[in-house]
Amino acid sequence: MPENNDSGRLDPEWLTLNAVRDLMRLAVRGDFSKSTYNQALELGATICPKILGSDVSVLRKERESELTKEYRQRATYRSIRDSMEITALSLVQDDINEFESLVAAAKESKNKTKVDKLQRKLKKLYAAEEEINPDKSSENQLIFRDAIKVDRGLPVLTEGKNCRTFELFDQNILTIRVLHPEIPEHITGADLIYEKYDKDTNTVIIALVQYKIWENKKMYFSNNDSNKRMLRQIDKMKTFLCDKGICRDKNENQYRFPCCSAFLRPTDKLQSPNQAFISTGEHLPICHIEECITISPGGAKVLEYDNVRKISLSHDMFEELFNQGKIGSKRLSLEELANLYKGSDIVSKKDSMLLYAREYPK
């Protein structure tokens, strides 16, 4: 069938991609080579295929090569013409077989004619196959290796249906649970909860980040439906963490920031799927939102970048300080973590996708 109008998917995909990439950067200690947008797309396709899967994601399609796009179009309209399902993968593999046989025939023959053009074409076909085939692509590009399920007996916010466990390069284990609406277009925000376990003290530090689109580095807190949902989620974050004393440490360490554990992460809007992937990644503690808000000439409450950046942390700073234990919640015992999760309603399936990530030693 002809392609659908995908405009409603752009914001939720972009929010999800940023949350996945930030999760990866925390897991790999900010190593850019192991947390690119392309790698985030691959991991995103693995843990939330309905949003970032190769067969549905508009962001992935726009980053594909022209040859891959050609095969997808051929498959679409051959399926219509022949009244049967034809896949892009089958078409590209048929051509790979053809060109491989031609190159093999050239090697066996005594004809010394060059086959460089055939080999160049074959190389492009291999690349297109890797783009089209999600299993092969995941095997080659995922930065984490699947690990066996490890039960550490730690309290869990929610079991969820989509859970994957990975082994990191530093031998730690990362478990990711994903909760999101069945229809990607219903996502108005994304949340990331990241737990970092310290085996020496048997304690956990957590941080919760809410991702929300803003335009022209402005976010309005007016009374439309989208903002009401955002404000409800911010209130839930406050109730879940701040009101329970998670940000107050009795044994204050003068070498760390205050124990802020809940952050708003305004995310620049993409105007089109083929736009360059760039996001400023400011992290604003939710307890400082009100002091950053100004009133527009029309009387609207607005959050602007110039006010936010005076207090917020860039993603580079956020990642480094969190991994050093200098931001995030105070250190929680496992009993405190269990009590934190009891009766929690932080998960809002109607409004946002949640990435729940736990890192702990193998």
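Note that the structure is a prediction, hence the values are computed from the model and not measured.

## Regarding the overall build of the protein
Of regular secondary structure, the protein possesses 13 helices and 12 strands. Taking the intrachain contacts of the protein between residues at least 6 apart in sequence as the baseline, contacts between residues at least 24 apart amount to 68%.

## What about the pairing of strand β2 (residues 162-167)?
The pairing of strand β1 (residues 145-146) with β2 spans 2 bridges and is classified as antiparallel. Within β2, the residue paired with Asp-146 across the bridge is Phe-166. Examined bridge by bridge, β2 and strand β3 (residues 172-179) share 6 bridges and lie antiparallel to one another. Bridge assignment links Thr-165 to a residue of β3, and that residue is Thr-175.

## Details of the environment of Glu-304
By secondary structure assignment, the location of Glu-304 is in strand β10 (residues 301-304). When the C-alpha positions of Glu-304 and Ile-293 are compared, they lie 7.3 Å apart, and in sequence the two are 11 residues distant. Contacts of Glu-304, omitting those with residues within four sequence positions, involve Trp-214, Lys-217, Lys-218 and Thr-294.

## Observations concerning the sheet that holds strand β6 (residues 218-220)
With antiparallel pairing, 3 strands are arranged side by side in an open sheet as β6-β10-β9. Across the chains shown, the open sheet's two edge strands, defined by having one partner strand only, are β6 and β9 (293-295). In this sheet, adjacent strand axes meet at a mean angle of 35 degrees when their direction is disregarded.

## Here we look at the confidence of the model for the protein
With 87% of its residues at a pLDDT of 70 or more, the protein has an overall mean of 84. Within the model, the stretch residues 1-5 combines pLDDT values under 50 with 5 contacts to residues more than four positions away or in other chains. Considering only residues more than four positions removed or in separate chains, one finds that residues 137-141, a stretch of pLDDT under 50, has 9 contacts.

## Some thoughts on the pattern of salt bridges
Following the criterion strictly, the structure yields 21 salt bridges and no others. Two residues, Glu-64 and Arg-72, come together in a salt bridge whose shortest N-O distance is 2.7 Å. With relative accessibility at 9%, the residue Glu-64 sits in the buried group.

## Things to note about helix α1 (residues 10-27)
For α1, which comprises 18 residues, the first-to-last C-alpha distance of 26 Å matches the rise-based estimate of 26 Å (1.5 Å per residue) to within 8%. Of all 18 residues making up α1, 17 are buried, and the element is well covered by its neighbours. The positive-phi residue at the C-terminal boundary of α1 is Arg-29, with phi of around 60 degrees.

## Quick look at unusual backbone geometry
Phi at Arg-29 is positive, roughly 60 degrees, even though this residue is not glycine. Tracing the sequence through the fold places Arg-29 in the loop between α1 and α2 (37-47). Taking the relative accessible area as the measure of exposure, Arg-29 reaches 34% and is therefore partly exposed. In this structure, Asn-216 takes a positive phi of about 55 degrees despite not being glycine.

## Structural notes on the packing of α1 against helix α12 (residues 315-323)
Between α1 and α12, the shortest axis-to-axis distance is 9 Å and the interhelical angle comes to 45 degrees. As judged from the angle between their axes, α1 and α12 are oblique. Here α1 runs over α12; the crossing is right-handed. Side by side, α1 and α12 meet where Asp-22, Arg-25 and Leu-26 of the first sit next to His-315, Asp-316, Phe-318, Glu-319, Phe-322 and Asn-323 of the second.

## Observations concerning the packing of aromatic side chains
To describe a pair of aromatic rings, you give the distance between the ring centres and the angle between the ring planes. Counted by the stated rule, this structure contains 8 aromatic pairs. A ring pair is formed by Phe-263 and Phe-318, whose centres lie 5.1 Å apart and whose planes are at 85 degrees; its orientation type is edge-to-face. Here Phe-263 is found in strand β7 (residues 262-268), whereas its partner Phe-318 is found in helix α12, with 55 residues between them in sequence. According to the relative accessible area criterion, Phe-263 is buried, its value standing at 2%. Centre to centre, the rings of Tyr-341 and Tyr-356 are 6.1 Å apart; their planes meet at 90 degrees, and the pair counts as edge-to-face. A residue pair is termed long-range when its members are at least 10 positions apart, and Tyr-341 in helix α13 (residues 334-341) and Tyr-356 in strand β12 (residues 352-361) qualify at 15 residues. Tyr-341 gets classed as buried once you look at its relative accessible area, which sits at 7%. In this structure Tyr-356 comes out as buried when scored by relative accessible area, which is 1%. Here the aromatic cluster, defined as three or more aromatic residues joined through ring pairs, consists of Tyr-194, Phe-263, Phe-318 and Phe-322. Sitting over the ring of Tyr-305, Lys-217 keeps its end group 5.2 Å from the ring centre.

## So, the pairing of β3
Across the 8 residues that make up β3, a large majority, 8, are buried. Burial along β3 is two-sided: the face carrying Asn-172, Leu-174, Ile-176 and Val-178 and the face carrying Ile-173, Thr-175, Arg-177 and Leu-179 are both buried. Linkage of β2 to β3, two consecutive antiparallel strands, is achieved through a turn of 4 residues, within which Gln-171 is found at a positive phi near 75 degrees.

## Examining α2
With 10 of 11 residues buried, α2 is to be regarded as a mostly interior element. Of all the positions in α2, only Tyr-37, Gln-39, Ala-40, Leu-41, Glu-42, Leu-43, Gly-44, Ala-45, Thr-46 and Ile-47 are classed as buried.

Thresholds applied
- Residues numbered from 1 in each chain as written.
- Predicted model: local features only at pLDDT ≥ 70, side-chain atom pairs only at ≥ 80, totals over all residues.
- Heavy atoms only, no water.
- Helix = DSSP H or I, 4+ residues; strand = E, 2+ residues; numbered from the N terminus.
- Contact = heavy atoms within 4.5 Å.
- Pairing = 2+ DSSP bridges.
- Axes fitted to C-alpha atoms, helices over the stretch in contact; angles between N-to-C directions.
- pLDDT = per-residue confidence, 0-100.
- Salt bridge = Lys/Arg side-chain N within 4 Å of Asp/Glu carboxyl O.
- Buried < 20%, exposed > 50% of the residue type's maximum accessible area, 1.4 Å probe, protein only.
- Expected span 1.5 Å × (residues − 1).
- Parallel < 35°, antiparallel > 145°, perpendicular 65-115°, else oblique.
- Left-handed = near helix turned anticlockwise from the far one by under 90°.
- Phe/Tyr/Trp six-rings, centres within 6.5 Å; stacked < 30°, edge-to-face > 60°.
- Lys NZ or Arg CZ within 6 Å of the ring centre and 35° of its normal.

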